[in-house]
Amino acid sequence: MLSDQDFLRYGRQLLLPQWGEAGQNTLTRKRVVIIGLGGLGCPALQYLAGAGIGTLRLVDADTVSLSNLPRQTLYGQQAVGRAKVEVAAEWLNRHNPAISVEVETRMATASTLPRLLAGADLVLDCTDNLTTRHAINAACVKAGKPLVSGAAIGWQGQLLVIQPGVADSPCFACLSDPNEESHSASCAEAGVAGPVVGAVGTLQALLAIQLLLGLDTPAGLHRFDGLQFQWQRFALAKSPDCPVCANAFCE
Ligand SMILES: [Zn+2]
């Protein structure tokens, strides 16, 4: 049930026919887990808070460093050295005290993920390494949680929606074999353009809102080239040999 303040705050999005009062009520009851509060997680959490998601669970074990500031615009220079989850929780409380904030200062690993995902309606992978991405993907497939995966490096961005409950929906391991050694560079090695990672994080929030509202999300893998300013969409089929999702939904 929306209050008068809610109607004032959320008025512009309530006008959207696909959103409306019913959609806003739905979002108020949802819990979204954001794993990684870097260049992807900062804009994602800001727009999810703006949308009025009821509960945001923030997962990150890192502290803010000076080299984060060009992309992670949630943090000011005075935040350097502080835990990212703490600074982000303070921002959320200032932005909208009605949002419940849960903080987890632990790494997302195969052993911690079942607890980190408990009670989640949707998960955002905003991390920056392939090992963690595969662990999050496997945990979400196992727990049947929808996952919005984002990544950025150099001038390139990438988005993928994984819906374990939907027949024929591929997972991250259908795209990239978790048992193969990774040769991909990290942002610390290859560099990254701030606005590219910011755009991908913002679009993760958009896809999350669409999923929570029950709207269709675009299928396939989406890649953005920030130098050529071009989007590409790649069809991605569920792999019958996928070590993660091939046998996850036999029943
Ligand atoms: Zn798969």
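Residues numbered from 1 in each chain as written. Predicted model: local features only at pLDDT ≥ 70, side-chain atom pairs only at ≥ 80, totals over all residues.

Colleague: Residues and numbers for the overall build of the protein chain, please.
Modeller: Assigned secondary structure in the protein chain consists of 10 helices and 8 strands. Expressed as lengths along the three principal axes of its C-alpha atoms, the size of the protein chain is roughly 50 × 45 × 40 Å. Across the 251 residues that make up the protein chain, the buried fraction comes to 39%. In the protein chain, of all internal contacts separated by at least 6 residues, the share reaching a separation of at least 24 is 69%. (Helix = DSSP H or I, 4+ residues; strand = E, 2+ residues; numbered from the N terminus. Buried ≥ 20, exposed ≤ 12 C-beta atoms within 10 Å, placed from the backbone. Contact = placed C-beta atoms within 7 Å.)

Colleague: Can you tell me about the sheet that holds strand 1 (residues 31–35), naming the residues and giving the values?
Modeller: Here 8 strands make up an open sheet; going across it, the order is 3-2-1-4-5-6-7-8 and the pairing mixed. Lying at the two open borders of the sheet, with one neighbouring strand each, are strand 3 (100–104) and strand 8 (230–234). Each strand of the sheet is rotated relative to its neighbour by a mean of 15°, with strand direction disregarded. Of the strand pairs in this sheet, strand 2 (residues 55–59) and strand 3 are connected by 5 bridges, and their pairing is parallel. Considered in strand 3, the bridge of Thr55 is made with Ser100. Running at roughly 175° to strand 3, helix 5 (residues 84–95) makes contact with strand 2 and strand 3 of the sheet. (Pairing = 2+ DSSP bridges. Axes fitted to C-alpha atoms, helices over the stretch in contact; angles between N-to-C directions.)

Colleague: Break down the nonpolar core for me, with residues and values.
Modeller: Core analysis: the largest hydrophobic core is formed by 64 residues, its most contacted members being Ile34, Leu48, Leu124 and Ala208. With 10 residues, helix 10 (residues 194–212) is the largest single contributor of residues to this core. With residues near it in sequence (within four places) discarded, Ala208 still touches Val32, Leu48, Leu122, Leu124 and Val148. (Core = buried A, V, L, I, M, F, W, Y, C linked by C-beta atoms within 7 Å.)

Colleague: Can you explain unusual backbone geometry? Please cite residues and give values.
Modeller: Its identity is not glycine, yet Asp168 carries a phi of approximately 70°, on the positive side. By secondary structure assignment, the location of Asp168 is in the loop between strand 6 (156–162) and helix 8 (172–175). A count of 9 C-beta atoms within 10 Å places Asp168 in the exposed class. At Phe229, a residue that is not glycine, the phi angle is positive and equals roughly 55°. Secondary-structure assignment places Phe229 in the loop between strand 7 (221–225) and strand 8.

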